[in-house]
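The lines below spell out each chain.
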Amino acid sequence: MADIQQQVAIVGCGIIGRTHAKAIAERPDAIVTALVDGDAAAREALRAQLVELGQPEPKVYDDLPAALSGSDVSLVAICTPSGTHAALAEQALEQKKHVVIEKPLDVDLVRARRLGAAADRAGNHGVVSSVISQHRFDAGSAVVKQAIDAGRFGQLTSSVATVAWWRSDEYYASAGWRGTWAQDGGGALMNQGVHTVDLMLWFMGRPVTIQAQALRAAHHAIEVEDTVVATLTFENGAVGTLHATTAAYPGGRTRVAVHGTEGGAEIEDDRLSRLNLDGVQEDQPVDAGDPGGHGAQYDDILTAIADGNAPAITVQDAIDALATVRAVYIASTLQRPVKFIDVLEGRYDDVDVSRGVGLPPS
């Protein structure tokens, strides 16, 4: 790895911005030099946190253009509300800055496709674009992916993914963008479940058709769903079920299971809990290590920048995950199966998915 230290602007100084700042502060090859947020109190809190961590004091700005013109930024971390991600990332790419975007890529597939094209153009000039999906870097996830790629589960037959969390009404009221279609882009699936969707796609491949039901089971003051269940068929012939909720008091587990004719695996709360390989009935020893978190993904991103390679997670990977979430919402709205490729390519862009989320059936 080259000795160049990337100078990072963090855009959005809330909870996830602080997570990025902490991950960067632990590295010798990157430093936060700029903080961007229209909320002066949020900027100041993160500035103070970085100083407390022994980092040099970063400059602060109200908006991204000011930061790009006022400081020597080489990497921009987008940590704002989901509906603003693509537009901000495009601004950075236009200035030939490397970009890392917090999940999801955006809430709108039209903007996501446009960003994908911009990322491809910038990539031709050596500019790296990546989207946070840190659970692909968890040690247990890597073990499962390696087993699948080596055929050690035999023919994949099915997958089950569930995110059973609890979020209070106070959580949704804590920020004006939470629980809105415009900025959150969806509820339990788009916000809390998108990482699990990404893992399912990583393990199983692209889906073919999707059926779904989304509803507000407990949180009726929000616009989006707090509970969703979907069934998917995949290109490899397997099927899957996907479940996400923020109405599971007091909060349960996140689990992804993969099943095949010669074995399978289960990941619970980011740790590998079961592993069967090569037709052997006994569980294989499970010692996959700790989850990787944002730090592990920054290893990948900064190595890609230094070496001039593509990152492990591309903008197209994130577009696939977003299209899957969007397909779930479209299927629920239309009350019929939809094809993933039709959603990905824009044939349902005019569907108002907010009509597909309501009260539980009476």
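The structure reproduced in this document is the subject of the present report. The shown structure was predicted, so the numbers you read here are calculated from the model rather than taken from an experiment.

Enumeration according to the criterion identifies 19 salt bridges in this entry. In this structure, Glu26 and Lys22 form a salt bridge, with 2.8 Å as the shortest nitrogen-oxygen distance. One salt bridge in this structure joins Arg47 and Glu57, with 3.4 Å as the shortest N-O distance. Here the residue Arg47 occupies a position in helix H2 (residues 40-52), and Glu57 occupies one in the loop between H2 and strand S3 (59-61), the gap between them amounting to ten residues. Overall, the relative accessible area of 16% leaves Arg47 in the buried class.

For the coordinates displayed, the defined rule picks out one cavity of 30 Å³ or more. Empty space within the largest cavity amounts to approximately 110 Å³. If you trace the largest cavity, you find 13 residues lining it, with Ile132, Ser133, Val194, Ala318 and Ala321 closest to the centre. Elements with a contribution of two residues or more to the lining of the largest cavity: helix H9 (194-204) and helix H11 (315-334). Class assignment of the residues belonging to the lining of the largest cavity gives a composition of eight nonpolar, two polar and three charged.

Each value, and the rule that gives it
- Residues numbered from 1 in each chain as written.
- Predicted model: local features only at pLDDT ≥ 70, side-chain atom pairs only at ≥ 80, totals over all residues.
- Heavy atoms only, no water.
- Salt bridge = Lys/Arg side-chain N within 4 Å of Asp/Glu carboxyl O.
- Helix = DSSP H or I, 4+ residues; strand = E, 2+ residues; numbered from the N terminus.
- Buried < 20%, exposed > 50% of the residue type's maximum accessible area, 1.4 Å probe, protein only.
- 1 Å grid on protein atoms, 1.4 Å probe; cavity = no way out; pocket = protein on both sides within 12 Å on 5 of 7 lines; lining within 4 Å.
- Points joined across faces, edges and corners; volume = space filled by probe spheres on them.
- Nonpolar A, V, L, I, M, F, W, Y, C, P; charged D, E, K, R; others polar.

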